[in-house]
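Structure at a glance
What follows is the residue order along each chain.
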Amino acid sequence: MYLLTLNSFYSAVNINYSFQYVWFNIGSVDTFERNLETAQLEFGIEGENRLPVVYSAESDGSFLLSMLPTVLIVGFLLYTLRRGPTGMGRTGRGMGGLFSVGETTAKVLKDEIDVKFKDVAGCEEAKLEIMEFVNFLKNPKQYQDLGAKIPKGAILTGPPGTGKTLLAKATAGEANVPFITVNGSEFLEMFVGVGPARVRDLFALARKNAPCILFIDEIDAVGRKRGRGNFGGQSEQENTLNQLLVEMDGFNTTTNVVILAGTNRPDILDPALMRPGRFDRQIYIGPPDIKGRASIFKVHLRPLKLESIIDKDNLARKLASLTPGFSGADIANVCNEAALIAARHLSDAINQKHFEQAIERVIGGLEKKTQVLQPEEKKTVAYHEAGHAVAGWFLEHADPLLKVSIIPRGKGLGYAQYLPREQYLYTKEQLLDRMCMTLGGRVSEQIFFGRITTGAQDDLKKVTQSAYAQIVQFGMNEKVGQISFDLPRQGDMVLEKPYSEATARLIDEEVRTLINSAYERTVTLLMEKKAYVEKVALRLLEKEVIDKSDMVELLGPRPFAEKSTYEEFVEGTGSLDEDTSLPEGLKDWNKDREKEKEETTDEQIASLTSLPGKIMEQVI
Ligand code: ADP
Ligand code: ZN
């Protein structure tokens with residue numbers, strides 16, 4: 001459309017300045033206007049002589065005609081896409097799908113739920129919040145008598161592996177009711193009508209098993225916002241979502257079905273799902289903090305056979321301090337790996353060494369003993385890792401180092417393990433120090449070999465992400481100012497940026513300036529400490545794995561105070577362990593209530609309606 005207008009535009013240029021032609025490549029309207037502006041400045045065209053730009057959409061049919069081949073191709077592609085799977089060897093499944101229309105794929109667990117609240121650790125607030133559903137399922141009458149409306153369901157949100165499914169299951173376990181589970185993606189089918197039919201079927205199943213808990217995992221698959229930039233298959237997903245809403249509205253307080261749903265993308269859910277009477281509670285389960293991790297370790301250490309000198313509580317605390325950033329699932333994985341490693345070594349009990357190896361394995365992936373690095377490559381990796389280690393050692397805000405290794409592992413050629421502070425607010429200086437430490441690897445390669453390798457890709461990605469986040473999300477750049485936009489997440493379809501072309505260019509420039517200045521700073525630092533980097537690299541080549549004590553031996557103690565033990569980490573946060581007394585207290589309260597049922601006073605009614613309604617505030 002721009003092109004059409006531009007034809008006349010060129011002629012305008014020709015008429016007024018017939019001796020000079022100005023040619024532009026037109027990428028976008030923005031760049032075009034900018035180029036025109038510059039050109040007019042160059043020619044010294046003033047005021048009213050300036051060319052006005054008028055946009056209009058013209059259509060003489062030729063446009064449509066020119067689109068015809070594209071339309072045909074797209075149509076053909078869509079047609080084959082619909083037919084594709086059946087045509088390409090999926091015939092059997094396709095027909096099966098047709099015949100089993102609407103048959104739900106949900107699983108019903110009745111008596112085999114042995115998960116209780118005590119098996120879910122590190123999310124006491126969430127437990128407290130969900131306790132109300134247990135009470136409701138156990139004594140529905142108590143609520144009905146009072147005319148209380150019970151929330152129909154809750155959405156459990158949080159990163160993967162934090163125990164959302166586990167908590168939902170434990171809720172069923174505590175209430176001693178059947179647990180019906182289904183995955184949101186099971187409603188998405190190629191065939192029209194299957195999704196909604198499955199939803200109807202699922203809810204019929206739930207009604208049949210009432211009182212029960214219905215758990216829909218990954219509800220974002222069906223619950224996406226309606227009518228927003230999704231292509232194809234969209235209307236079918238919308239129908240499924242509509243059916244889900246209709247079914248939820250059809251439940252009343254006497255149905256005795258509680259619907260829980262899990263997702264790690266609450267931001268893309270359709271707001272209609274969260275309206276009162278549907279999923280009116282959102283329970284956030286964040287990644288566990290150090291105390292939470294200690295509690296989760298305690299849960300998973302329980303069934304393990306440890307060496308008799310080991311005190312489980314102490315071990316749990318120690319491991320918690322070594323595993324920042326781990327989710328509940330990672331922790332379960334570490335405990336199982338430790339047992340497997342012990343078995344592989346034919347030990348009859350698990351010791352601390354096994355746990356340390358298990359942690360390394362979960363962080364770095366499997367050790368690749370067979371992968372042979374050329375001596376030259378090995379040297380590069382050693383200097384790269386030494387660069388990270390030395391840079392971090394002398395940057396105040398960089399995380400304390402635990403160990404550096406140049407044994408190739410599944411996820412990379414070398415790796416360094418750090419103990420990041422558990423921190424929710426970062427200053428600009430802290431982020432800059434982290435960037436510099438991350439750049440340390442490449443800088444070291446540059447200093448020692450005068451060439452750079454592909455080994456720094458992951459580092460560069462992290463640095464770029466951090467730089468963009470600082471400027472676009474955290475408003476930490478002077479020129480761009482105090483603004484915040486959402487950065488696209490992995491897998492998001494980015495159709496247009498929420499800011500103008502000019503802002504985009506400014507952001508890109510500032511990101512480059514920020515990274516360059518961090519790079520320069522790191523070069524200066526490592527040039528100054530060049531001898532140290534060399535020492536550490538040589539030690540790495542000799543031993544392959546070095547830890548903090550080697551670093552202290554080579555570089556002297558780190559010039560900044562650092563925390564490394566559990567006790568130091570939790571200092572100033574009140575108690576040594578997580579406060580798990582709340583849900584227990586509530587349970588007793590509930591028992592007391594059953595006893596006093598006959599003589600309910602006004603006060604008690606008031607306290608009942610203000611049952612734990614604490615909604616967790618989400619910190620950055
Ligand atoms: P999500 O549904 O949040 O992705 P899951 O509930 O499936 O995570 O967790 C996977 C496994 O990780 C669980 O079966 C359990 O063994 C372990 N796990 C996760 N969170 C916890 C926790 N808070 N307490 C104990 N174990 C946990
Ligand atoms: Zn690196």
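Presented here is an overview of the structure given in this document. Since the structure is predicted, the reported quantities are computational estimates derived from the model, not experimental observations.

Attention shifts here to the coordination of the zinc ion (ligand 2). Distances from the zinc ion (ligand 2) to its protein donors, His384 (NE2), His388 (NE2) and Asp459 (OD), fall at 2.0 to 2.1 Å. Linear spacing of the donor residues for the zinc ion (ligand 2) on their chain is H-x3-H-x70-D. Of this pair, His388 sits in helix H14 (residues 375-393) while Asp459 sits in helix H16 (residues 457-473), and the two are 71 residues apart along the sequence. Classification of Asp459 by relative accessible area gives buried; the value is 10%.

With that out of the way, let us pick up the nonpolar core. One broad trend across soluble globular proteins is that nonpolar side chains are buried collectively. Membership of the largest hydrophobic core comes to 45 residues, with the highest contact counts inside it found for Val536, Met551 and Leu555. In terms of residues, this core owes the most to one element, helix H17 (residues 501-528), which gives nine residues. Sequence-distant contacts of Val536, defined by excluding residues within four places in its chain, comprise Ala386, Val390, Ile546, Met551, Leu554 and Leu555. In this structure, Val134, Ile213, Leu260 and Ile285 belong to the second largest nonpolar core, which totals 30 residues.

What follows deals with the side chain of Asn477. Structurally, Asn477 is set in the loop between H16 and H17. Looking at Asn477, its side chain comes within polar contact range of the side chain of Glu510, at 2.8 Å. Dropping the residues within four chain positions of it, Asn477 is found in contact with Gln470, Ile471 and Glu510.

Turning our attention to the environment of Cys335. Within the secondary structure, Cys335 is located in helix H12 (residues 328-344). Given a relative accessible area of 3%, Cys335 falls into the buried group. Each C-alpha atom, one on Cys335 and one on Ile359, is 8.8 Å from the other, the two residues being 24 residues apart in sequence. Excluding residues within four positions of it along the chain, Cys335 makes contact with Phe297, His300, Leu301, Leu304 and Phe355.

With the rule as written, the count across this model stands at 21 salt bridges. Note that Glu129 is salt-bridged to Arg281, the shortest N-O span being 3.4 Å. Here Arg281 lies in strand S6 (residues 279-284) and Glu129 lies in helix H4 (residues 124-138), a separation of 152 residues in the sequence. Both residues of the pair, Glu129 and Arg281, belong to the buried class. A salt bridge links Glu247 to Arg207, with the nearest nitrogen and oxygen atoms 3.2 Å apart. Here the residue Glu247 occupies a position in helix H9 (residues 234-250), and Arg207 occupies one in helix H7 (residues 194-208), the gap between them amounting to 40 residues. Taking the relative accessible area as the measure of exposure, Glu247 reaches 10% and is therefore buried. Each member of the salt-bridge network shares a partner with another, and the members are Arg539, Lys543, Asp550 and Glu553.

Before going further, it helps to spend a moment on the environment of Val545. Note that Val545 resides in strand S9 (residues 545-547). Of the residues examined, Val545 reaches a relative accessible area of 29% and is grouped as partly exposed. Through-space distance from the C-alpha of Val545 to that of Tyr415 is 9.6 Å; in sequence the pair is 130 residues apart. In this view, Val545 contacts Lys403, Val404, Ser405 and Ile407; residues no more than four positions away in its chain are not counted.

Right, let's get into the packing of H16 against H17. The contact between H16 and H17 brings their axes to 9 Å, and the two run at 125°. The pairing of H16 with H17 is recorded here as oblique in orientation. Crossing hand, H16 versus H17: right-handed. Residues Val463, Thr464, Ala467, Tyr468, Gln470, Ile471 and Val472 of H16 touch H17, and the partners they reach there are Ile507, Asp508, Glu510, Val511, Leu514 and Ile515. For the contact of H16 with H17, the residue count by class is nine nonpolar, two polar and two charged.

This brings us to the sheet that holds strand S7 (residues 401-405). Strand order in the open sheet formed by three strands is S8-S7-S9, and the pairing between neighbours is antiparallel. Edge strands, defined here as strands with exactly one partner in the open sheet, are strand S8 (415-418) and S9. On average, adjacent strands in this sheet sit at an angle of 10° to one another, irrespective of strand direction. Inspection of the sheet shows S7 paired to S9 by three bridges, in the antiparallel sense. Bridge pairing in S9 places Lys403 opposite Asp547.

Thresholds, definitions, all that
- Residues numbered from 1 in each chain as written.
- Chains lettered and ligands numbered in written order.
- Predicted model: local features only at pLDDT ≥ 70, side-chain atom pairs only at ≥ 80, totals over all residues.
- Heavy atoms only, no water.
- Donors = N, O, S within 2.8 Å, 3.2 Å for Na, K, Ca; no water.
- Helix = DSSP H or I, 4+ residues; strand = E, 2+ residues; numbered from the N terminus.
- Buried < 20%, exposed > 50% of the residue type's maximum accessible area, 1.4 Å probe, protein only.
- Core = buried A, V, L, I, M, F, W, Y, C linked by side-chain atoms within 4.5 Å.
- Contact = heavy atoms within 4.5 Å.
- Polar contact = N/O pair within 3.5 Å; in protein donor to acceptor, adjacent residues only side chain to side chain.
- Salt bridge = Lys/Arg side-chain N within 4 Å of Asp/Glu carboxyl O.
- Axes fitted to C-alpha atoms, helices over the stretch in contact; angles between N-to-C directions.
- Parallel < 35°, antiparallel > 145°, perpendicular 65-115°, else oblique.
- Left-handed = near helix turned anticlockwise from the far one by under 90°.
- Nonpolar A, V, L, I, M, F, W, Y, C, P; charged D, E, K, R; others polar.
- Pairing = 2+ DSSP bridges.

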